[in-house]
Amino acid sequence: MRKIVVFTGAGMSAESGIKTFRDSDGLWENHPVEDVATPQAWARNPRLVLDFYNARRKQMREVEPNKGHAALVELEKCFNVQIITQNVDNLHERAGSSSVLHLHGELDKVRSTRNPKLIFTPEHWEIKLGDVGEDGAQLRPHIVWFGEQVPMFDVAIDITQTADIMIVVGTSLVVYPAASLIEYVPANAPIFLIDPKAEPQSRRNIEIIRGTAAEELPEFVKKLISNEITSKNA
Ligand code: APR
């Protein structure tokens, strides 16, 4: 089975009702996003950081996967599909995709501030100051903040290096190291980018499909399944 690696960003979930980062005004209740998604922010004002992620965790439970997520599930009938996502929501999993690697963490998980391996999924969306794990340490979101290592990046590289086809969906490709993933796609494997604001990338020859995930992916997946697009003809 040929392997399709799908690399997704915030645009993938936009039509489910989750705002992207850089399309919005980049603010959350008047705080720059960088001010609530860094280790410094956590040290300065953990309550604000918890509230930010509480709001997002609550919202995630209220929205549904869209037609783009569903199309990627359909693609599994004919291809070995591996999703690598920068998104912290669980919409790919809830749609039914079987292989999803989260580069930037997962909103529905929290972990101990003392032991990063002590990770669990709380039942309630709200985490408060004073909520502790088994080790008695304060819980924090299981999220990769700006300035932190991306522990899954090496795994993502390994997956990308064996792609026959790469589909990139809804990402501004400005946040590193995630954005450099396309450089690991084998030279003979075509790359497609689905994004309403996609720009040609100087790094690689990428075929651009300007449109939204929910509108373009179902059609594109049909073409892949009917072999109208192959790893050779791009
Ligand atoms: N369908 C497809 N793409 C869309 C849609 C849509 N309906 N709506 C918007 N987009 C595109 C935008 O044109 C933009 O290129 O989605 C992209 C969103 O870009 P960003 O907001 O920068 O999100 P992303 O690339 O995922 O950000 C990367 O930055 O903030 C950090 O850690 C966070 O994982 C995130 C990372």
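As shown above, the structure is provided for reference.
Heads up: these notes are all about the structure in this document. Computed from a prediction, not measured in an experiment: that's the story for all the values here.

A tally of regular secondary structure across the protein chain gives seven helices and 11 strands. Taken over the C-alpha trace, the protein chain has a radius of gyration of 18 Å; the compact-globule value for 234 residues is 17 Å, and the two agree within 12%. A principal-axis box enclosing the C-alpha atoms of the protein chain has dimensions of 55 × 35 × 30 Å. A burial count over the protein chain gives 49% of its 234 residues as buried. Carbon and sulfur atoms form 49% of the exposed surface of the protein chain, whose accessible area is close to 11,500 Å². Considering the protein chain, the positive charge centre built from 26 side chains and the negative charge centre built from 32 side chains are found 1 Å apart.

If you look at the biggest cluster of nonpolar residues, it comprises 24 residues, and the most contacted ones within it are Phe-7, Ile-84, Leu-103, Met-166 and Val-168. Those elements that provide at least two residues to this core are strand 1 (3-8), helix 6 (153-160), strand 9 (165-169) and strand 10 (191-194). With four residues, helix 6 is the largest single contributor of residues to this core. Residues within four places of Met-166 in sequence aside, it is in contact with Val-5, Phe-7, Thr-160, Ile-182, Val-185, Pro-190, Ile-191 and Phe-192. Counting residues in each nonpolar core, the second largest holds 21 residues, with Leu-75, Ile-83, Ala-213 and Leu-217 among its members.

A word on the sheet that holds strand 7 (residues 119-120). Sheet architecture is open: three strands sit in the order 7-6-8, paired in antiparallel fashion. Each edge of the open sheet carries a strand with a single partner, namely strand 7 and strand 8 (139-143). Two elements, strand 6 (residues 105-112) and strand 7, share two bridges in a ladder whose sense is antiparallel. Residue pairing in the sheet places Arg-111 in a bridge with Ile-119 of strand 7. Against the sheet, helix 3 (residues 46-62) contacts strand 6 and strand 8, and its axis sits at roughly 135° relative to strand 6.

Turning to the packing of aromatic side chains, a few remarks are in order. Two descriptors summarise a pair of aromatic rings, namely the distance from one centre to the other and the angle between the planes of the rings. Taken as a whole, this structure holds four aromatic pairs when the rule is applied. Consider the rings of Trp-42 and Trp-145, whose centres lie 5.7 Å apart with planes at 35°: the pair is tilted. Taken as a pair, Trp-42 in helix 2 (residues 39-44) and Trp-145 in the loop between strand 8 and helix 6 lie far apart in primary sequence, 103 residues in all. Of the two residues, Trp-42 and Trp-145, both sit in the buried class. Between Phe-52 and Tyr-53, the ring centres sit 4.8 Å apart and the planes meet at 80°, which makes this aromatic pair edge-to-face. There is no split in this pair, since Phe-52 and Tyr-53 are both buried. Across the ring face of Trp-125, the terminal group of Lys-58 is positioned such that the distance to the ring centre comes to 5.6 Å. Note that Arg-140 overlies the ring of Trp-145, its terminal NZ or CZ placed 3.7 Å from the centroid.

The rules we used
- Residues numbered from 1 in each chain as written.
- Predicted model: local features only at pLDDT ≥ 70, side-chain atom pairs only at ≥ 80, totals over all residues.
- Heavy atoms only, no water.
- Helix = DSSP H or I, 4+ residues; strand = E, 2+ residues; numbered from the N terminus.
- Rg over C-alpha atoms; globule rule 2.2 N^0.38 Å.
- Buried < 20%, exposed > 50% of the residue type's maximum accessible area, 1.4 Å probe, protein only.
- Areas by Shrake-Rupley, 256 points an atom, 1.4 Å probe, with all protein chains shown as cover.
- Lys, Arg positive; Asp, Glu negative; His and termini not counted.
- Charge placed at Lys NZ, Arg CZ, Asp CG, Glu CD.
- Core = buried A, V, L, I, M, F, W, Y, C linked by side-chain atoms within 4.5 Å.
- Contact = heavy atoms within 4.5 Å.
- Pairing = 2+ DSSP bridges.
- Axes fitted to C-alpha atoms, helices over the stretch in contact; angles between N-to-C directions.
- Phe/Tyr/Trp six-rings, centres within 6.5 Å; stacked < 30°, edge-to-face > 60°.
- Lys NZ or Arg CZ within 6 Å of the ring centre and 35° of its normal.

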